[in-house]
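Here's the letter readout for the chains.
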Amino acid sequence: MDMGDEVKVFGSWGSPFSRRVELALLLKGVPYEYIEEDIFVFENKSPLLLQYNPVHKKVPVLLHNGKPIAESLVILEYIEETWKANPILPEDPYDKAMARFWAKFLDDKCLPAIRKAAFSPENEREEAAEEVRDCLKTLESALNGKRFFGGDAIGMVDIAANFVGFWLRIIQEVTGEELLSVEKLPELFKWTEEFVSCSVVKKCLPPKDKVLDVVKARVAPK
Amino acid sequence: MASSDGEVKVLGTWSSPFVMRARIALNLKSVSHEFLQERLWEGKSQLLLKSNPVHKKVPVLIHGHNTISESLIIVQYIDEVWSSAPCILPSQPHERATARFWAAYLDEKWFPSMRAVGMAEGEDARRAAIGQVEEGLVLLEEAFGECSKGRPFFGGDRIGYLDIAFGCFLGWLRVTEKMTGVMLLNETNTPRLLKWAHRFCSDDAVKDVMPETEKLAEFAKMIMSRVKGAAPGTGKS
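If you're wondering where the values come from, they're calculated on a predicted model, not measured in any experiment.

Examining the UniProt feature "domain: GST N-terminal" (unreviewed entry) in chain A
Then comes step 1: Following the UniProt record, one finds the feature "domain: GST N-terminal" (unreviewed entry) at residues 5-87 of chain A.
Then comes step 2: Split by type, residues 5-87 of chain A is 35% helix and 20% strand. Its first and last C-alpha atoms lie 19 Å apart.

The structure is reproduced here in structure tokens:
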């Protein structure tokens, strides 16, 4: 690693997207400076964030030697290509394509479904919950008996699935809707336990009670 | 390393910009392949349902035993398997990240904004929708300046990842221009993109797979009347 490297992460403590970036950097042993952004109040976003991500004005942004990169999955690919320790993507082009497929599936399908199940008005929640369970069933098939999506070690799909590994259980607790049951999705359930038990992941998760408070505030009251 | 051996097929439709991406990438690499056309209005083929069970959408790339879906993932796969020149993705990580960023922007923000023009009801809504598309094009004009650095394409001297990701939408862009009477790409706001669009469409890897605007416009009219209220069926993947 180039000793002259300057790496900064603009993130938010509660954002799964910025935690993804931190997790990848931690996995690869890349030191970085973290800058906390208040994403809950638009006016509080720093001028630097708006300068580095003018298109979306969102976290995370990775700044590497002054050059910004935005969009968490784009950042993960960049991190993989720049720092070679502990690869998070397979070598084989087909396996790599499958990893990218599942990471995209998480963001395009699982995440919107989970958001809907969490924050929809109560009468829409059951249908949204069913959609989540279908998504998760599909996602589970990608595990295929492995300990992690990445095999024996965490990879890009595991990192991208962080909101399933951690945030989902908190959402379940607040809404009372069962989204990831050990009976119906035993392999995926086991994966969530493996995921949150990893020492490097533990360093990278927000405090549960703080997340609980945020979710409770956003979930429509019964 | 994956071998480039094995039969190559693209499952898709002539009208889908996403399918076009896969075909352009294969053409750039001079990989001979079979194009299997789905007749989506007759229902999805068994092959499609089997090879893309998760999304059931085109394009799907079939390479020997491998099936790959999601157009941008397919393009990257093609670049990595047929790894000799021309390279589709830039070689520098930061340039690759920039190309991926704008490709994601195109799929998540810009193309949906263009589709919204066709769905807008009433003059005010239509004008607002067009405004969104134009704002996006100004951003893309700037991105072109940064990526191309004075050369003919986003990818430099040759068509690259972002050229493919954006250029595939030019057919539908022209249909939208025809429908609205508004020149979305123009000398005033997007002079460089205007010239780039001509270069892209004339490229050998593109010209045989880019549908004619007239044909696409007819197709658009047919879908809109058939599924009024739903999004145009371009089989996004």
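Topic: the packing of aromatic side chains
Then comes step 1: Summed over all chains, the structure comprises 20 aromatic pairs over all chains.
Then comes step 2: Here the aromatic residues Phe 18, Trp 110, Phe 111, Phe 144, Phe 154, Phe 166, Phe 169, Trp 196 and Phe 200 of chain B are joined through ring pairs into a cluster of three or more.
Then comes step 3: When the ring centre of Trp 13 of chain A is taken as origin, the NZ or CZ atom of Lys 210 of chain A, which lies over that ring, is 4.4 Å away.

Some details on the sheet that holds strand β3 (residues 60-63) of chain B
Residues and elements named next belong to chain B.
Then comes step 1: Within the open sheet, the four strands sit side by side as β2-β1-β3-β4. Their pairing is mixed. Edge positions in the open sheet fall to β2 (34-37) and β4 (66-69), since each of these has one partner strand only. Adjacent strand axes in the sheet meet at a mean angle of 20°, parallel and antiparallel pairs treated alike.
Then comes step 2: As paired strands, strand β1 (residues 8-12) and β2 are joined by four bridges and run parallel to one another. Note on β2: the bridge partner recorded for Leu 11 is Leu 36.
Then comes step 3: In the packing of helix α1 (residues 17-28) onto the sheet, contacts are made with β1, β2 and β3, and the angle to β1 comes to roughly 160°.

Describing the layout of surface pockets
Residue and element names in this part refer to chain B.
Then comes step 1: Each pocket or cavity is described by its volume, and for the second largest pocket that value is around 970 Å³.
Then comes step 2: Considering the residues around the second largest pocket, the lining is formed by 41 residues, among which His 94, Glu 95, Thr 98, Ala 99 and Cys 147 are closest to the centre.
Then comes step 3: With eight residues, helix α4 (residues 93-119) is the largest single contributor of residues to the lining of the second largest pocket.
Then comes step 4: When its residues are assigned to classes, the lining of the second largest pocket shows 23 nonpolar, 11 polar and seven charged.

Digging into helix α5 (residues 122-141) of chain A
Residues and elements named next belong to chain A.
Then comes step 1: Over its 20 residues, α5 extends 30 Å from the first C-alpha to the last, a length consistent with the 28 Å expected when each residue adds 1.5 Å.
Then comes step 2: All buried positions along α5 are accounted for by Arg 125, Ala 128, Ala 129, Val 132, Arg 133, Cys 135, Leu 136, Leu 139 and Glu 140.
Then comes step 3: Lining the buried residues of α5 we find α4 (93-119), α7 (162-175) and α8 (186-197).

Some points on the UniProt feature "domain: GST C-terminal" (unreviewed entry) in chain B
Then comes step 1: The UniProt record annotates "domain: GST C-terminal" (unreviewed entry) at residues 92-219 of chain B.
Then comes step 2: In residues 92-219 of chain B, the share of helix is 70% and the share of strand is 0%. The end C-alpha atoms are 40 Å apart.

Describing the pattern of salt bridges
Opposite charge on two side chains makes pairing possible when the charged atoms of those side chains draw close.
Residue and element names in this part refer to chain A.
Then comes step 1: Within this structure, the stated rule accounts for 29 salt bridges over all chains.
Then comes step 2: Between Glu 126 and Arg 133 there is a salt bridge, with the nearest N and O atoms lying 2.9 Å from each other.
Then comes step 3: By relative accessible area, which is 41% here, Glu 126 ends up partly exposed.
Then comes step 4: In this structure Arg 133 comes out as buried when scored by relative accessible area, which is 17%.

Quick look at the UniProt feature "domain: GST C-terminal" (unreviewed entry) in chain A
Then comes step 1: Within this structure's numbering, the places UniProt gives as "domain: GST C-terminal" (unreviewed entry) are residues 92-214 of chain A.
Then comes step 2: As annotated, residues 92-214 of chain A has a helix share of 72% and a strand share of 0%, and its two end C-alpha atoms lie 41 Å apart.

Focus: the interface of chain B and chain A
Then comes step 1: Across the contact, 26 residues belong to chain B and 26 residues belong to chain A.
Then comes step 2: Counting each side, the surface lost to burial between chain B and chain A is near 2,300 Å², with a carbon and sulfur contribution of 68%.
Then comes step 3: Of all residues in chain B, Ile 73, His 94 and Phe 101 of chain B bury the most surface against chain A, accounting for 25% of the area lost on that side.
Then comes step 4: In this assembly, chain B and chain A are joined by five salt bridges.
Then comes step 5: For the interface between chain B and chain A, the tally reads six residue pairs in polar contact (both at pLDDT 80 or more).

Focus: the sheet that holds strand β1 (residues 7-11) of chain A
Residue and element names in this part refer to chain A.
Then comes step 1: Ordered by their spatial adjacency, four strands build an open sheet running β2-β1-β3-β4, and the pairing between neighbours is mixed. Here the strands that pair on one side only, and so sit at the sheet edges, are β2 (33-36) and β4 (67-70). For this sheet, the mean inter-axis angle between neighbouring strands, taken without regard to orientation, is 20°.
Then comes step 2: Across four bridges, the pairing between β1 and β2 is parallel.

Rules used in this analysis
Residues numbered from 1 in each chain as written. Chains lettered and ligands numbered in written order. Predicted model: local features only at pLDDT ≥ 70, side-chain atom pairs only at ≥ 80, totals over all residues. Heavy atoms only, no water. UniProt positions renumbered as here; feature names shortened; annotations may be inferred. Helix = DSSP H or I, 4+ residues; strand = E, 2+ residues; numbered from the N terminus. Phe/Tyr/Trp six-rings, centres within 6.5 Å; stacked < 30°, edge-to-face > 60°. Lys NZ or Arg CZ within 6 Å of the ring centre and 35° of its normal. Pairing = 2+ DSSP bridges. Axes fitted to C-alpha atoms, helices over the stretch in contact; angles between N-to-C directions. Contact = heavy atoms within 4.5 Å. 1 Å grid on protein atoms, 1.4 Å probe; cavity = no way out; pocket = protein on both sides within 12 Å on 5 of 7 lines; lining within 4 Å. Points joined across faces, edges and corners; volume = space filled by probe spheres on them. Nonpolar A, V, L, I, M, F, W, Y, C, P; charged D, E, K, R; others polar. Expected span 1.5 Å × (residues − 1). Buried < 20%, exposed > 50% of the residue type's maximum accessible area, 1.4 Å probe, protein only. Salt bridge = Lys/Arg side-chain N within 4 Å of Asp/Glu carboxyl O. Buried area = accessible area lost by both parts, 1.4 Å probe. Polar contact = N/O pair within 3.5 Å; in protein donor to acceptor, adjacent residues only side chain to side chain.

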